[in-house]
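Tertiary structure, described
Residues per chain, in single letters:
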Amino acid sequence: MGITLYTFYPSDNCLRAETVLRELELQYEVEIVDLMKGHQKQDIYGSVNLRKQVPSLKDDDAVITESVACVMYLQQVYGVGKKSLLPASKKELGECLSYIAQFHEKLNPNAIAGTALFGGGTKESLAPRIAKLKQELTVWEKILDGKDFLVGDISLADFVLFPFFNTQFLLLKLPPEEYPNLFRFVSEMRERPSVKECRYWGEGGYEVFAALAKGVEFLA
Ligand SMILES: N[C@@H](CCC(=O)N[C@@H](CS)C(=O)NCC(=O)O)C(=O)O
């Protein structure tokens with residue numbers, strides 16, 4: 001029993017769940033669901049996640065799907081005392097929860113990475129979606145003006161948002177000079193030990209997607 005993370009290292013949604021597990025200094029086991037080999041479609045994984053996507057989390061008899069639900073669950077159950085990733089002040093807690101809701105509502109629906117990298121989309125066919133995504137990124141650029149993190153010294157919102165922005169720079173080649181605040185934030189987060197030491201960046205991790213993204217400059 002205990003915590004098991006069903007993950008595939010190149011996935012930014014999985015990176016979200018894993019950084020929070022590490023940030024909260026939790027012990028967990030990993031089950032690799034190799035998306036390149038279609039393991040997410042096998043019946044055994046379908047019994048964990050009906051939508052056949054990663055990440056999923058098991059904690060004793062609890063099964064959590066959706067990366068944001070995974071990190072909210074971890075915070076709720078294990079983010080006690082000093083380890084809490086929720087700000088103590090009302091002002092910052094309000095900001096933190098607002099940014100997570102805005103991620104769900106405004107940003108994630110405009111994601112194009114999956115279609116760009118796997119769905120055979122071209123820059124031309126995706127043009128309206130690219131325009132919407134860039135427009136939405138402009139809002140986050142304003143939110144991050146003059147700040148190192150989205151909220152205070154760091155919060156759950158930063159761990160929720162970071163993997164998404166990171167993908168735009170690394171894989172879809174969003175130009176850093178056009179989004180300096182977003183790029184500063186991403187660079188800062190990459191240095192955080194819970195992020196830096198994740199297998200996402202190593203062999204079999206990010207490099208797999210980077211190979212797929214070679215020559216792809218969707219946002220440039
Ligand atoms: N909203 C979901 C998205 C999960 C998702 O799209 N996972 C991708 C990997 S990044 C996946 O499992 N794709 C495999 C598939 O759809 O067959 C979350 O945040 O967990």
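Everything below is about the structure printed above this text.
The notes below deal with the structure included here. Just so we're clear, the structure is a prediction, and the values are computed from it rather than from any experiment.

This paragraph deals with the layout of surface pockets. One simple way to see leftover space: roll a probe sized like a water molecule over the atoms. Volume-wise, the largest pocket comes out at about 960 Å³. Taken together, 37 residues form the lining of the largest pocket, with Asp12, Asn13, Gln53, Val54 and Gly114 sitting closest to its centre. Looking at which element gives the most residues to the lining of the largest pocket, the answer is helix 5 (residues 113-117), with 4 residues. Residue composition of the lining of the largest pocket, grouped by class: 18 nonpolar, 13 polar and 6 charged. When residues of the lining of the largest pocket are assigned to domains, at least three fall in each of domain 1 (3-82) and domain 2 (86-212).

Looking at the secondary structure, you find Asn49 in the loop between helix 2 (43-46) and strand 3 (56-59). We classify Asn49 as buried; its relative accessible area is 5%. There is a polar contact of 2.9 Å between the side chain of Asn49 and the backbone nitrogen of Arg51. One polar contact links the side chain of Asn49 to the main-chain carbonyl oxygen of Gln53, over a distance of 2.7 Å.

Conventions adopted
- Residues numbered from 1 in each chain as written.
- Predicted model: local features only at pLDDT ≥ 70, side-chain atom pairs only at ≥ 80, totals over all residues.
- Heavy atoms only, no water.
- 1 Å grid on protein atoms, 1.4 Å probe; cavity = no way out; pocket = protein on both sides within 12 Å on 5 of 7 lines; lining within 4 Å.
- Points joined across faces, edges and corners; volume = space filled by probe spheres on them.
- Helix = DSSP H or I, 4+ residues; strand = E, 2+ residues; numbered from the N terminus.
- Nonpolar A, V, L, I, M, F, W, Y, C, P; charged D, E, K, R; others polar.
- Domains from an automatic or database assignment.
- Buried < 20%, exposed > 50% of the residue type's maximum accessible area, 1.4 Å probe, protein only.
- Polar contact = N/O pair within 3.5 Å; in protein donor to acceptor, adjacent residues only side chain to side chain.

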